[in-house]
Amino acid sequence: MLQDNYIPMNKKYWQGRIDSETNYDAFRWHQWVKPLDLSRDDLKPFDGKVGFAFIGFPSDEGVKRNKGRTGTAKGPDSIRKELSHLPCAFSAEVKLFDVGDIVCKDRTLEENQKHLSEAVEKVLSLNLFPIVLGGGHAVAFGHYNGILSHLRKGNEKPNIGIINFDAHFDIRPYPNGGTSGTMFRQIADICKEEDMNYSYMCVGIQKHSNTVDLFKTAEGLGAKYILAKDIRNGDSWNLLETIDKFIRTQDHIYMTICADVFSTAYAPGVSATQPLGLEPEKVLNFMKYILKSKKVVSFDIAEVSPRFDQDNTTANLAAVLIFSVVNTISKMNNLSI
């Protein structure tokens, strides 16, 4: 039951400067976000124009299993602190909710992913757009399953495309259980078992961060990918055409970001740093293009690790990316200021 598996919003992370208590144009996000208790039985679907719901996944068990640098469990709160200061650059008709965190401590990764799946499914059923805050990138397996469960209510075999901004494929085998490096292989196996379409594109792949076997596995699964070096040195229009070709074959898009896709200069606080990672502005351009397809149903960002961050640089970058998601969708609905 949800009430046993998550903690409602903690207001202490939504605080900051107040320039006005009445003039909406001077508001910041901490003045606008509202708590949403998913354990209530009387919740009704959101009937406004656009609503977003933040879900925290404070787990780094997948990172630990993957023999990475732990610390991402504190990622959701660090991201919330940075989100708090953002200006409300959208119409007051846009609503922000925080449903709190999945209870991850002293529970298995599989239990946590299951509970996240239930929370995501519930948020989608309320006509809200989920924004999940990681945590390790193992968040993706629970997140995807929540999307799948929701979309199955209208189609037994929904066509869901995954676009992952990541330096790693995360398609390793998992004989001893899932990790932060296996999620998209696990999803591929679910799709194979249930005769569903498996559509996966990874943007920002680093050759030095993936074995030859993983490249062969990606080919065998039919996964698409764009190398980081081609983004740094290539023609953006050609890359957008590649992404567009992928989008056109999907009915729904789940967009996920692993913070290690970015250069260490922009994202020092991650489990696996990337000195030759991507520049945020290029990723933002891709993100906005994908969002404008109107097929994106959910979003998350993972691997923000405050333990290794410097001046909250990585958490701040995550907040700016989320700001862009919210503002782009608001603008698409003619609700930007």
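Draft legend 1. A look at the layout of surface pockets. By volume, the largest pocket amounts to about 340 Å³. Lining the largest pocket we find 18 residues, and of these V50, F129, V296, I329 and N333 sit closest to its centre. Looking at the lining of the largest pocket, the elements that each hand over two or more residues are β3 (50-57), β5 (129-134), β10 (296-302) and α12 (313-332). Across the lining of the largest pocket, the residue classes tally to eleven nonpolar, four polar and three charged.

Draft legend 2. Broad picture of the side chain of D309. Its place among the elements puts D309 in the loop between β10 and α12. The charged side chain of D309 is buried without a salt bridge, its nearest counter-charge being R69 at 9.3 Å. Reaching out from D309, the side chain makes a polar contact with the backbone nitrogen of T313 at a distance of 3.4 Å. If we skip the residues at most four places from it in the chain, D309 touches P268, G269, T314 and A315.

Draft legend 3. Structural view of the pattern of salt bridges. By the definition in use, this model includes 14 salt bridges. Close ionic contact of D77 with R80 constitutes a salt bridge, the shortest N to O distance being 3.4 Å. Separated by three residues within a single helix, D77 and R80 lie in helix α4 (residues 75-83), roughly one turn from each other. Residue classification places R80 among the buried residues on the basis of a relative accessible area of 3%.

Draft legend 4. Inspection of the pairing of strand β9 (residues 252-258) at higher detail. Counting buried residues along β9, six of its seven residues qualify, which places the element largely inside the surrounding structure. With six bridges connecting them, strand β6 (residues 160-165) and β9 associate as parallel partners. The partner of I160 across the bridge, within β9, is H252. The pairing of β9 with β10 spans six bridges and is classified as parallel. Counted as the bridge partner of Y254 is S298 from β10. Handedness of the β-α-β unit built from β9, helix α11 (residues 280-291) and β10 comes out right-handed.

Draft legend 5. Structural view of helix α6 (residues 139-151). Over its 13 residues, α6 runs 19 Å from end to end, which matches the ideal 18 Å to within 8%, given 1.5 Å per residue. Burial runs high along α6: eleven of the 13 residues are buried. Those residues of α6 not exposed but buried are V139, A140, F141, G142, H143, Y144, N145, G146, I147, L148 and L151.

Draft legend 6. Fine view of unusual backbone geometry. Residue G135 is bonded to the preceding G134 through a cis peptide linkage, with omega at 20°. Tracing the backbone through its elements, the reader meets G135 in the loop between β5 and α6. Here the phi dihedral of K294 falls at roughly 65°; this positive angle occurs in a residue that is not glycine. Among the secondary structure elements, K294 is positioned in the loop between α11 and β10. Backbone geometry places D311, a non-glycine residue, at a positive phi of 55°. On the secondary structure map, D311 appears in the loop between β10 and α12. Residue classification places D311 among the exposed positions, given a relative accessible area of 78%.

Draft legend 7. Geometry of the nonpolar core. By size, the foremost hydrophobic cluster in this structure holds 61 residues, and its most contacted members are W29, F54, F165, M287, F299 and I322. If you tally residues by element for this core, the top one is α12, at nine residues. Beyond its immediate sequence surroundings of up to four residues, F299 is in contact with F129, P130, I131, V132, H143, M255, I257, M287, I322 and V325.

Draft legend 8. Molecular detail of the packing of aromatic side chains. Under the definition given, this model contains 14 aromatic pairs. Summarising the aromatic geometry, the rings of Y24 and W32 are spaced 4.9 Å apart at their centres and angled 65° between planes, so their arrangement reads as edge-to-face. Comparing Y24 with W32, the two get one shared label, buried. When the ring of F52 is compared with that of F129, the centres are 5.7 Å apart and the planes differ by 70°; the resulting orientation is edge-to-face.

Draft legend 9. The packing of helix α10 (residues 236-248) against α11, seen in detail. The contact between α10 and α11 brings their axes to 11 Å, and the two run at 35°. You can see that α10 and α11 cross each other, and the crossing is right-handed. Across the interface between the two elements, L239, L240, I243, D244 and I247 from α10 touch F286, Y289 and I290 from α11. Considered class by class, the residues forming the contact of α10 with α11 number seven nonpolar, no polar and one charged.

Procedures and definitions
Residues numbered from 1 in each chain as written. Predicted model: local features only at pLDDT ≥ 70, side-chain atom pairs only at ≥ 80, totals over all residues. Heavy atoms only, no water. 1 Å grid on protein atoms, 1.4 Å probe; cavity = no way out; pocket = protein on both sides within 12 Å on 5 of 7 lines; lining within 4 Å. Points joined across faces, edges and corners; volume = space filled by probe spheres on them. Helix = DSSP H or I, 4+ residues; strand = E, 2+ residues; numbered from the N terminus. Nonpolar A, V, L, I, M, F, W, Y, C, P; charged D, E, K, R; others polar. Buried < 20%, exposed > 50% of the residue type's maximum accessible area, 1.4 Å probe, protein only. Lys, Arg positive; Asp, Glu negative; His and termini not counted. Salt bridge = Lys/Arg side-chain N within 4 Å of Asp/Glu carboxyl O. Polar contact = N/O pair within 3.5 Å; in protein donor to acceptor, adjacent residues only side chain to side chain. Contact = heavy atoms within 4.5 Å. Pairing = 2+ DSSP bridges. Right-handed = clockwise from strand over helix to strand, strands pointing away. Expected span 1.5 Å × (residues − 1). Core = buried A, V, L, I, M, F, W, Y, C linked by side-chain atoms within 4.5 Å. Phe/Tyr/Trp six-rings, centres within 6.5 Å; stacked < 30°, edge-to-face > 60°. Axes fitted to C-alpha atoms, helices over the stretch in contact; angles between N-to-C directions. Left-handed = near helix turned anticlockwise from the far one by under 90°.

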